[in-house]
Amino acid sequence: MLCPVCEAASAPFRVVEGFAYFKCAGCGILHLPPDILRDIDAGKPLRTYEVEYWDTEMHAAGQRAAGPGMARLCEAIFLASTPVRAVLDIGTGPGVLLDHMARLMPHAGPALHGVELFPPPERWRTTSPNYHIGTLDSLAPMTFEAGLCMEVIEHLTPRMVANLLRALAAVASEGSCFLFNTGLTPFVENEDPAYLDPLGRGHITIWTVEAMARLAAPYGLTASPLPGRSWAFIIEKAPRPMAFEHRIYHPLPENLAFLSGGDAVDSLPSLLARSGLAWFFFADMAASRTAWAQSLDRELAAARKTILPWWAGGGRRPSE
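Figured I'd write up the structure that's included with this text.

Rules and cut-offs
Residues numbered from 1 in each chain as written. Predicted model: local features only at pLDDT ≥ 70, side-chain atom pairs only at ≥ 80, totals over all residues. Heavy atoms only, no water. Helix = DSSP H or I, 4+ residues; strand = E, 2+ residues; numbered from the N terminus. Buried < 20%, exposed > 50% of the residue type's maximum accessible area, 1.4 Å probe, protein only. Areas by Shrake-Rupley, 256 points an atom, 1.4 Å probe, with all protein chains shown as cover. Pairing = 2+ DSSP bridges. Axes fitted to C-alpha atoms, helices over the stretch in contact; angles between N-to-C directions. Contact = heavy atoms within 4.5 Å. Parallel < 35°, antiparallel > 145°, perpendicular 65-115°, else oblique. Left-handed = near helix turned anticlockwise from the far one by under 90°. Right-handed = clockwise from strand over helix to strand, strands pointing away.

### Some words on the overall build of the chain
Here is step 1: Counting secondary structure elements, the chain contains 10 helices and 10 strands.
Here is step 2: For the chain, with 320 residues in total, the buried portion stands at 50%.
Here is step 3: When the accessible surface of the chain is split by element, carbon and sulfur atoms take 59% of a total near 15,300 Å².

Structure below.
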(Lines give C-alpha, C1' and ligand atoms only; values in the text may rest on other atoms or scores of the structure.)
Protein backbone atom coordinates (compact mmCIF):
# COMPACT_ATOMS: atom_id res chain seq x y z
CA MET A 1 0.00 0.00 0.00
CA LEU A 2 1.48 3.35 -1.09
CA CYS A 3 0.71 6.68 0.54
CA PRO A 4 -1.46 8.92 -1.68
CA VAL A 5 0.63 11.96 -0.67
CA CYS A 6 4.31 10.94 -0.64
CA GLU A 7 4.11 7.40 -2.13
CA ALA A 8 6.03 5.88 0.77
CA ALA A 9 4.92 2.49 2.10
CA SER A 10 1.86 2.49 4.35
CA ALA A 11 1.13 -0.18 6.96
CA PRO A 12 -2.25 -1.25 8.39
CA PHE A 13 -3.31 1.08 11.20
CA ARG A 14 -6.85 0.30 12.31
CA VAL A 15 -10.25 -0.80 11.01
CA VAL A 16 -12.85 1.90 11.74
CA GLU A 17 -16.55 1.40 11.01
CA GLY A 18 -15.64 -1.37 8.60
CA PHE A 19 -12.99 0.67 6.73
CA ALA A 20 -9.32 -0.34 6.80
CA TYR A 21 -6.97 2.57 7.51
CA PHE A 22 -3.27 2.73 6.79
CA LYS A 23 -0.47 4.87 8.23
CA CYS A 24 2.23 6.22 5.94
CA ALA A 25 5.79 5.50 7.08
CA GLY A 26 6.94 8.64 5.29
CA CYS A 27 4.66 11.63 5.90
CA GLY A 28 2.57 9.94 8.62
CA ILE A 29 -1.00 10.50 7.40
CA LEU A 30 -3.79 8.03 8.12
CA HIS A 31 -5.60 7.19 4.90
CA LEU A 32 -8.11 4.91 3.22
CA PRO A 33 -7.15 2.45 0.43
CA PRO A 34 -6.66 3.93 -3.08
CA ASP A 35 -9.84 2.43 -4.53
CA ILE A 36 -12.04 4.06 -1.86
CA LEU A 37 -10.24 7.39 -2.28
CA ARG A 38 -10.83 7.20 -6.05
CA ASP A 39 -14.55 6.59 -5.48
CA ILE A 40 -14.79 9.58 -3.15
CA ASP A 41 -12.93 11.78 -5.65
CA ALA A 42 -15.33 10.56 -8.34
CA GLY A 43 -18.34 11.84 -6.38
CA LYS A 44 -19.20 8.83 -4.21
CA PRO A 45 -18.66 10.10 -0.64
CA LEU A 46 -18.88 7.84 2.39
CA ARG A 47 -21.51 10.20 3.74
CA THR A 48 -23.39 13.21 2.40
CA TYR A 49 -23.58 16.68 3.94
CA GLU A 50 -27.28 17.39 3.71
CA VAL A 51 -30.07 18.15 6.19
CA GLU A 52 -29.42 15.07 8.36
CA TYR A 53 -25.75 16.03 8.77
CA TRP A 54 -26.53 19.62 9.69
CA ASP A 55 -29.22 18.49 12.15
CA THR A 56 -26.47 16.91 14.22
CA GLU A 57 -23.68 19.35 13.38
CA MET A 58 -25.30 22.73 14.07
CA HIS A 59 -24.78 22.60 17.84
CA ALA A 60 -21.09 21.72 17.50
CA ALA A 61 -20.62 24.37 14.80
CA GLY A 62 -22.15 26.99 17.07
CA GLN A 63 -19.94 26.00 20.00
CA ARG A 64 -16.78 26.14 17.88
CA ALA A 65 -17.68 29.53 16.45
CA ALA A 66 -18.55 31.05 19.83
CA GLY A 67 -15.18 30.25 21.38
CA PRO A 68 -12.20 28.53 19.75
CA GLY A 69 -13.14 29.68 16.25
CA MET A 70 -12.87 33.35 17.20
CA ALA A 71 -9.60 32.81 19.07
CA ARG A 72 -7.98 30.96 16.19
CA LEU A 73 -9.10 33.40 13.54
CA CYS A 74 -7.73 36.26 15.67
CA GLU A 75 -4.49 34.30 16.03
CA ALA A 76 -4.14 33.96 12.23
CA ILE A 77 -4.53 37.76 11.94
CA PHE A 78 -1.95 38.20 14.70
CA LEU A 79 0.59 35.96 12.91
CA ALA A 80 0.16 37.34 9.40
CA SER A 81 3.32 38.73 7.83
CA THR A 82 1.51 41.52 6.02
CA PRO A 83 -1.11 44.08 7.09
CA VAL A 84 -4.50 42.33 7.13
CA ARG A 85 -7.29 43.90 5.11
CA ALA A 86 -9.56 40.92 4.41
CA VAL A 87 -10.18 37.71 6.37
CA LEU A 88 -11.61 34.39 5.18
CA ASP A 89 -13.32 31.50 6.98
CA ILE A 90 -12.81 28.48 4.70
CA GLY A 91 -15.59 25.91 5.01
CA THR A 92 -17.64 28.29 7.11
CA GLY A 93 -20.66 25.95 7.37
CA PRO A 94 -23.66 28.05 8.43
CA GLY A 95 -21.45 31.14 8.75
CA VAL A 96 -21.97 31.46 12.50
CA LEU A 97 -18.35 32.52 12.95
CA LEU A 98 -18.95 35.54 10.69
CA ASP A 99 -21.74 36.68 13.00
CA HIS A 100 -19.67 36.21 16.17
CA MET A 101 -16.65 37.97 14.67
CA ALA A 102 -18.80 40.87 13.47
CA ARG A 103 -20.06 41.36 17.04
CA LEU A 104 -16.55 40.99 18.44
CA MET A 105 -14.98 43.33 15.87
CA PRO A 106 -17.77 45.53 14.47
CA HIS A 107 -15.19 47.81 12.86
CA ALA A 108 -13.99 44.88 10.71
CA GLY A 109 -17.40 43.54 9.61
CA PRO A 110 -16.99 44.34 5.88
CA ALA A 111 -13.59 42.60 5.87
CA LEU A 112 -14.93 39.26 7.18
CA HIS A 113 -15.81 36.65 4.54
CA GLY A 114 -16.80 32.99 4.59
CA VAL A 115 -17.02 30.36 1.85
CA GLU A 116 -18.93 27.06 1.96
CA LEU A 117 -19.30 24.43 -0.75
CA PHE A 118 -22.00 22.36 1.02
CA PRO A 119 -24.18 24.93 2.83
CA PRO A 120 -26.84 23.94 5.34
CA PRO A 121 -30.50 24.85 4.72
CA GLU A 122 -31.03 28.59 4.44
CA ARG A 123 -32.89 28.84 7.77
CA TRP A 124 -29.63 28.03 9.58
CA ARG A 125 -27.34 30.36 7.66
CA THR A 126 -25.92 33.71 8.53
CA THR A 127 -27.41 36.79 6.93
CA SER A 128 -23.93 38.21 6.30
CA PRO A 129 -23.57 39.65 2.78
CA ASN A 130 -20.08 38.12 2.75
CA TYR A 131 -21.32 34.51 2.95
CA HIS A 132 -20.22 32.89 -0.32
CA ILE A 133 -21.55 29.56 -1.58
CA GLY A 134 -19.05 27.74 -3.77
CA THR A 135 -15.37 26.89 -3.94
CA LEU A 136 -12.34 29.00 -3.15
CA ASP A 137 -11.88 29.46 -6.90
CA SER A 138 -15.17 31.33 -7.03
CA LEU A 139 -13.79 34.11 -4.81
CA ALA A 140 -11.22 35.38 -7.30
CA PRO A 141 -10.17 38.12 -7.88
CA MET A 142 -10.63 38.83 -4.15
CA THR A 143 -7.53 38.26 -1.99
CA PHE A 144 -7.10 37.65 1.74
CA GLU A 145 -4.30 38.17 4.24
CA ALA A 146 -5.55 35.87 7.01
CA GLY A 147 -8.05 33.13 7.56
CA LEU A 148 -9.24 30.00 9.30
CA CYS A 149 -10.01 26.51 8.04
CA MET A 150 -11.62 24.79 11.02
CA GLU A 151 -12.65 21.13 11.05
CA VAL A 152 -12.66 20.84 7.25
CA ILE A 153 -9.69 18.95 5.79
CA GLU A 154 -10.34 15.78 7.78
CA HIS A 155 -13.42 15.44 5.53
CA LEU A 156 -11.33 15.57 2.34
CA THR A 157 -9.16 13.22 0.30
CA PRO A 158 -5.56 14.13 -0.55
CA ARG A 159 -6.60 15.13 -4.06
CA MET A 160 -9.31 17.41 -2.67
CA VAL A 161 -6.86 19.04 -0.26
CA ALA A 162 -4.36 19.59 -3.07
CA ASN A 163 -7.10 21.37 -5.05
CA LEU A 164 -8.00 23.45 -1.98
CA LEU A 165 -4.38 24.52 -1.56
CA ARG A 166 -4.08 25.39 -5.25
CA ALA A 167 -7.16 27.59 -4.97
CA LEU A 168 -5.97 29.07 -1.68
CA ALA A 169 -2.68 30.11 -3.28
CA ALA A 170 -4.65 32.07 -5.88
CA VAL A 171 -6.56 34.15 -3.31
CA ALA A 172 -3.83 34.39 -0.65
CA SER A 173 -1.88 37.64 -0.52
CA GLU A 174 1.89 37.66 -0.07
CA GLY A 175 2.55 37.37 3.66
CA SER A 176 -0.83 35.84 4.43
CA CYS A 177 -1.45 33.33 7.23
CA PHE A 178 -4.23 30.72 7.45
CA LEU A 179 -4.72 28.62 10.56
CA PHE A 180 -5.94 25.05 9.94
CA ASN A 181 -7.67 23.35 12.87
CA THR A 182 -7.89 19.56 12.53
CA GLY A 183 -6.92 16.53 14.59
CA LEU A 184 -3.49 15.42 13.35
CA THR A 185 -2.06 11.90 13.47
CA PRO A 186 -0.48 12.33 16.96
CA PHE A 187 -3.84 13.63 18.21
CA VAL A 188 -5.62 10.47 17.01
CA GLU A 189 -2.87 8.17 18.25
CA ASN A 190 -2.42 9.71 21.69
CA GLU A 191 -5.45 11.83 22.61
CA ASP A 192 -8.70 11.01 20.80
CA PRO A 193 -8.84 7.78 18.75
CA ALA A 194 -12.56 8.37 18.07
CA TYR A 195 -11.72 11.45 15.99
CA LEU A 196 -11.16 9.05 13.08
CA ASP A 197 -14.84 8.71 12.23
CA PRO A 198 -15.59 8.15 8.51
CA LEU A 199 -19.34 7.56 8.71
CA GLY A 200 -20.46 9.54 11.75
CA ARG A 201 -18.74 12.89 11.38
CA GLY A 202 -17.23 12.16 7.98
CA HIS A 203 -13.62 12.32 9.17
CA ILE A 204 -11.94 10.29 6.45
CA THR A 205 -8.29 11.48 6.41
CA ILE A 206 -6.00 12.34 9.31
CA TRP A 207 -3.19 14.71 8.38
CA THR A 208 0.31 15.65 9.46
CA VAL A 209 2.13 18.95 8.99
CA GLU A 210 4.71 17.15 6.83
CA ALA A 211 2.02 15.84 4.48
CA MET A 212 0.47 19.30 4.19
CA ALA A 213 3.89 20.81 3.50
CA ARG A 214 4.40 18.39 0.61
CA LEU A 215 1.05 19.28 -0.94
CA ALA A 216 1.43 23.02 -0.34
CA ALA A 217 4.96 23.50 -1.71
CA PRO A 218 4.09 23.26 -5.44
CA TYR A 219 1.73 26.23 -4.99
CA GLY A 220 4.23 28.46 -3.20
CA LEU A 221 2.74 27.84 0.24
CA THR A 222 4.45 26.64 3.41
CA ALA A 223 3.03 24.57 6.26
CA SER A 224 4.36 25.00 9.80
CA PRO A 225 3.44 23.44 13.16
CA LEU A 226 1.98 25.41 16.04
CA PRO A 227 4.05 24.42 19.10
CA GLY A 228 2.10 22.54 21.73
CA ARG A 229 -0.81 21.67 19.46
CA SER A 230 -1.50 18.29 17.89
CA TRP A 231 -4.63 19.65 16.25
CA ALA A 232 -3.55 22.78 14.38
CA PHE A 233 -0.94 24.22 12.01
CA ILE A 234 -0.56 27.24 9.74
CA ILE A 235 -0.35 27.61 5.97
CA GLU A 236 1.43 30.74 4.77
CA LYS A 237 2.47 32.51 1.62
CA ALA A 238 5.88 34.21 1.94
CA PRO A 239 6.01 34.37 5.77
CA ARG A 240 8.42 36.63 7.63
CA PRO A 241 11.89 35.03 7.79
CA MET A 242 12.12 34.76 11.57
CA ALA A 243 11.71 32.13 14.24
CA PHE A 244 8.16 31.41 15.38
CA GLU A 245 9.06 32.44 18.94
CA HIS A 246 10.14 35.86 17.66
CA ARG A 247 7.00 36.27 15.56
CA ILE A 248 4.60 35.69 18.43
CA TYR A 249 6.29 38.48 20.39
CA HIS A 250 6.53 40.87 17.45
CA PRO A 251 3.21 41.02 15.54
CA LEU A 252 2.78 43.75 12.97
CA PRO A 253 1.39 46.93 14.57
CA GLU A 254 -1.12 47.21 11.71
CA ASN A 255 -2.57 43.82 12.62
CA LEU A 256 -2.87 44.71 16.29
CA ALA A 257 -4.76 47.81 15.14
CA PHE A 258 -6.97 45.65 12.90
CA LEU A 259 -7.84 43.43 15.86
CA SER A 260 -8.51 46.29 18.24
CA GLY A 261 -10.11 48.77 15.88
CA GLY A 262 -7.33 51.23 16.61
CA ASP A 263 -8.04 51.23 20.34
CA ALA A 264 -5.91 49.78 23.13
CA VAL A 265 -3.79 46.77 22.22
CA ASP A 266 -5.30 44.77 25.09
CA SER A 267 -8.75 44.63 23.47
CA LEU A 268 -10.59 41.31 23.61
CA PRO A 269 -9.68 40.28 20.02
CA SER A 270 -6.01 41.03 20.77
CA LEU A 271 -6.17 38.95 23.93
CA LEU A 272 -7.81 36.09 22.02
CA ALA A 273 -5.04 36.31 19.42
CA ARG A 274 -2.44 35.97 22.16
CA SER A 275 -4.08 32.81 23.52
CA GLY A 276 -1.68 30.88 21.30
CA LEU A 277 1.11 31.97 23.64
CA ALA A 278 -0.23 29.61 26.29
CA TRP A 279 0.22 26.64 23.98
CA PHE A 280 3.72 27.81 23.08
CA PHE A 281 4.66 28.09 26.76
CA PHE A 282 3.13 24.68 27.44
CA ALA A 283 5.19 23.10 24.64
CA ASP A 284 8.36 24.84 25.83
CA MET A 285 7.79 23.76 29.44
CA ALA A 286 7.01 20.19 28.37
CA ALA A 287 10.19 20.06 26.29
CA SER A 288 12.25 21.42 29.20
CA ARG A 289 10.78 18.89 31.63
CA THR A 290 11.35 16.06 29.17
CA ALA A 291 14.99 17.09 28.71
CA TRP A 292 15.40 17.28 32.50
CA ALA A 293 13.83 13.83 32.98
CA GLN A 294 16.04 12.32 30.28
CA SER A 295 19.13 13.90 31.84
CA LEU A 296 18.15 12.53 35.26
CA ASP A 297 17.59 9.09 33.76
CA ARG A 298 21.07 9.14 32.24
CA GLU A 299 22.58 10.12 35.59
CA LEU A 300 20.71 7.31 37.34
CA ALA A 301 21.82 4.80 34.73
CA ALA A 302 25.45 5.85 35.21
CA ALA A 303 25.07 5.63 38.99
CA ARG A 304 23.63 2.12 38.76
CA LYS A 305 26.67 0.96 36.82
CA THR A 306 28.88 2.15 39.69
CA ILE A 307 26.75 1.46 42.77
CA LEU A 308 25.22 -1.93 41.96
CA PRO A 309 28.54 -3.76 41.40
CA TRP A 310 29.84 -2.20 44.63
CA TRP A 311 26.71 -3.30 46.52
CA ALA A 312 26.88 -6.82 45.08
CA GLY A 313 30.48 -7.07 46.29
CA GLY A 314 29.46 -6.51 49.88
CA GLY A 315 30.18 -2.81 49.87
CA ARG A 316 33.94 -3.31 49.39
CA ARG A 317 35.92 -1.13 47.06
CA PRO A 318 37.23 -2.95 43.97
CA SER A 319 40.80 -2.90 45.36
CA GLU A 320 39.82 -4.59 48.63
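### Brief notes about the sheet that holds strand S7 (residues 144-150)
Here is step 1: Read across the open sheet, the seven strands follow the order S6-S5-S4-S7-S8-S10-S9; overall the sheet is mixed. Each end of this open sheet is capped by a strand with a single partner; those strands are strand S6 (131-133) and strand S9 (222-225). Strand-to-strand twist of the sheet, defined as the mean angle between neighbouring strand axes without regard to direction, takes the value 20°.
Here is step 2: Contacting S9 and strand S10 (232-236), helix H6 (residues 209-216) crosses the sheet at an angle of about 165° to S9.

### Overview of the sheet that holds strand S2 (residues 19-24)
Here is step 1: Taken together, the three strands give an open sheet; going across it, the order is S1-S2-S3, and neighbouring strands pair in antiparallel fashion. Bordering the open sheet on either side are strand S1 (10-16) and strand S3 (30-31), each of which pairs with just one other strand.
Here is step 2: As defined by bridge partners, S2 adjoins S3 across two bridges and the pair is classed as antiparallel. Within the sheet, the bridge partner assigned to phenylalanine 22 lies in S3 and is histidine 31.

### A short note on the packing of helix H4 (residues 158-171) against H6
Here is step 1: Where H4 contacts H6, the axes come no closer than 9 Å and their chain directions differ by 55°. In terms of their interaxial angle, H4 and H6 are classed as oblique. In this structure, the crossing between H4 and H6 has a hand that is right-handed. For the pair H4 and H6, the contacting residues are Pro158, Val161, Ala162 and Leu165 in the first and Met212, Leu215 and Ala216 in the second.

### Focus: the pairing of strand S5 (residues 112-116)
Here is step 1: A large share of S5 lies buried, amounting to five of its five residues.
Here is step 2: Side chains Leu112, Gly114 and Glu116 project from S5 onto one buried face, and the interleaved His113 and Val115 project onto a second face that is buried too.
Here is step 3: In terms of strand pairing, strand S4 (residues 87-90) meets S5 through four bridges, oriented parallel. Its bridge partner lying in S5, valine 87 is registered against leucine 112.
Here is step 4: For the handedness criterion, the β-α-β arrangement of S4, helix H3 (residues 96-104) and S5 is classed as right-handed.
Here is step 5: Bridge count between S5 and S6: three bridges; the pairing is parallel. Across the sheet, residue glycine 114 finds its bridge partner in S6, namely tyrosine 131.

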